[in-house]
Structure formats: structure tokens, C-alpha cells
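# What the coordinates show
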Amino acid sequence: MGLNKLVVRATSAHTATVIFIHGLGDSGAGWQPVAQILSRTLPHVKFVLPHAPEQPVTLNGGFRMPSWYDIRSLDKIASNEDEDGMNVSMRKINELIREEIDSGIPANRIVLGGFSQGGAMTLFTGLQSEMRLAGLAVLSGYMPVRERLIARATDASKQVPIFHGHGTADEVVLYQYGEMTSNLLQQKGYNVDFHSYNHMGHATCNEELRDLQQFLAKHIP
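Now for a quick tour of the structure. (Residues numbered from 1 in each chain as written. Predicted model: local features only at pLDDT ≥ 70, side-chain atom pairs only at ≥ 80, totals over all residues. Heavy atoms only, no water.)

## Concerning the packing of aromatic side chains
Given two aromatic rings, their pairing is described by the distance between the two centres and the angle made by the two planes. Taken as a whole and judged by the stated rule, the model has 4 aromatic pairs. When the ring of Trp-31 is compared with that of Phe-115, the centres are 5.3 Å apart and the planes differ by 45°; the resulting orientation is tilted. Placement of the pair is Trp-31 in the loop between β2 (16-21) and α1 (32-41) and Phe-115 in strand β6 (residues 110-115), with a sequence separation of 84 residues. Like Trp-31, the residue Phe-115 is buried in the burial classification. Taken together, Phe-20, Trp-31 and Phe-115 form an aromatic cluster joined through their ring pairs. (Phe/Tyr/Trp six-rings, centres within 6.5 Å; stacked < 30°, edge-to-face > 60°. Helix = DSSP H or I, 4+ residues; strand = E, 2+ residues; numbered from the N terminus. Buried < 20%, exposed > 50% of the residue type's maximum accessible area, 1.4 Å probe, protein only.)

Take a look at the structure:
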């Protein structure tokens, strides 16, 4: 079964698509206002905002909530990770990418992005993709299953530019995880545009959205 989603349609001829993956406990609706803001200067872009299915989350006492995979700990974010859950979500995200390609938008006109857990899914999906996407956008995210993901990264993914924004005061996904992710990707030859935002917590801000808009305008003009 495919993912339910919100769509912010292009307001001029549709020639590019951004698929944006929300964070834990949120929904695509949480990022609809951001998509609408970005759409003002990117009228040719369609924004696809999928909703994660609900599932029990260990970090939150096993309560069910929208989540792309189980999160067991934030203290040791890179250990005991739910890779099976990530693989299930990756297949569903790839279905969304395939839908866009089948509708006539080539892979190199599609940007995959996400916030927090959605940023982790962006890297998990994008680095393993055989498709040469237009870009990856990671907001307050991190690289899950680091060693295995780097080992499985495709040659195609190394041609894909990456935007990575992170707040220095992030209390959920610590800034050091974002910085570590960016540094590792750069060491492996990826083109990473890393932006730090002073005093920003686990959120976004106008400055980051301006930087993201510029990244999108450059790679899917």
C-alpha cells in the first residue's frame, strides 16, 4: 500500500518535484506552509509531502505515532537502529519517486529532502539510489546505520549535491551528529553544502529556508 500524501501543485508548468519527508510524530501537513512559501519563488516545482504510517515508537514508551522507523534511543542514536523499518520506508519513498518519473519528471529534476527522522530517511534512500537525483536536502538530520550505508552507497549517489542544515542548539538530534554526518560524506567524496544556524534548536528558521530555496533554485531551476 502506497503512502498517503499532501501535494502542493506547481503554479506554472510542472518541470520539477520536491519530495519532503517529515519528522517523528508529524505529518506532511506540518511542512505544507513551508512548501507554499518555497512555491512562490519556484512556481514550476510540485511538492509531495507524504505521511508516515503510525507505529509503536520505543523512545516514547511504545506509543503509536507517525514514524518512518522505530527510534530506540537518542543518546546512542547510531546504535541498535531499526534498519528493517528503514528499508520498508525506503521502498515506499522510492515508489513516490517512481510515480514522478512515470508522470514525465526525470530523476535529475527530483529533489528528495526531509527533517530530522525524515532527513535520516533522505540519506538512507538517496545514498542507495541508482537514480541520479537532482539533490538531497537534509534539515536537522543525521546518517543512520553509518558504516553499512556508506558501504552500500551507489556511484550514482556520489553525483548528487547535498544540502545539510543544522542548528547549533539542537537538543534532539545534536549538532555534533549533523556535523559528523557532513564530514563523513565529504570525506567520501560527496558534494555537501553544510550550513550551521547559531542558537537554532530542533526546528527550521527563515535563514535556513532562504538557503534551501537557493539550493533548489540552483539545482532544479
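## What to know about unusual backbone geometry
Look at Ser-140: it is not a glycine, yet its phi comes out positive at around 55°. By the secondary structure assignment, Ser-140 is in the loop between β7 (135-139) and α4 (146-152). Given the relative accessible area of 0%, Ser-140 is considered buried.

## As for the environment of Thr-154
With respect to the secondary-structure elements, Thr-154 resides in the loop between α4 and β8 (162-167). The spacing of Thr-154 and Gly-126 is 28 residues in sequence and 9.0 Å in space, taken between C-alpha atoms. Excluding residues that lie within four positions of it along the chain, Thr-154 makes contacts with Leu-127, Gln-128, Ser-129, Glu-130 and Tyr-190. A distance of 2.5 Å separates a polar atom in the side chain of Thr-154 from the backbone oxygen of Ser-129. (Contact = heavy atoms within 4.5 Å. Polar contact = N/O pair within 3.5 Å; in protein donor to acceptor, adjacent residues only side chain to side chain.)

## Re the sheet that holds β8
Taken together, the 7 strands give an open sheet; going across it, the order is β1-β3-β2-β6-β7-β8-β9, and neighbouring strands pair in mixed fashion. In this open sheet, the two edge strands, each paired with only one partner strand, are β1 (5-8) and β9 (192-197). Neighbour-to-neighbour, the strand axes of this sheet turn through a mean angle of 15°, independent of strand direction. Two strands pair when backbone bridges link them, and β7 and β8 are joined in this way by 4 bridges, in the parallel orientation. Looking at β8, one finds that Leu-139 is bridged to Gly-165. In this fold helix α2 (residues 83-102) packs onto β1, β2, β3 (45-50) and β6, with an angle of close to 165° to the strand it touches most, β2. (Pairing = 2+ DSSP bridges. Axes fitted to C-alpha atoms, helices over the stretch in contact; angles between N-to-C directions.)

## Thoughts on the nonpolar core
One finds Met-121, Leu-133 and Leu-185 to be the most contacted residues of the largest nonpolar core, which totals 42 residues. Broken down by secondary-structure element, the contributors of at least two residues to this core are β2, α2, β6, α3 (117-126), β7, α4 and α5 (175-187). Those residues in contact with Leu-133, other than ones at most four positions away along the chain, are Ile-97, Ala-107, Asn-108, Ile-110, Leu-112 and Val-160. (Core = buried A, V, L, I, M, F, W, Y, C linked by side-chain atoms within 4.5 Å.)

## A short note on the side chain of Glu-100
As for its position among the elements, Glu-100 is in helix α2. Overall, the relative accessible area of 5% leaves Glu-100 in the buried class. One polar contact links Glu-100 to Thr-17, side chain to side chain, over a distance of 2.7 Å. With near-sequence residues (within four places) excluded, Glu-100 lies in contact with His-14, Thr-17, Ile-19, Lys-46, Val-48, Ile-105 and Ile-110.

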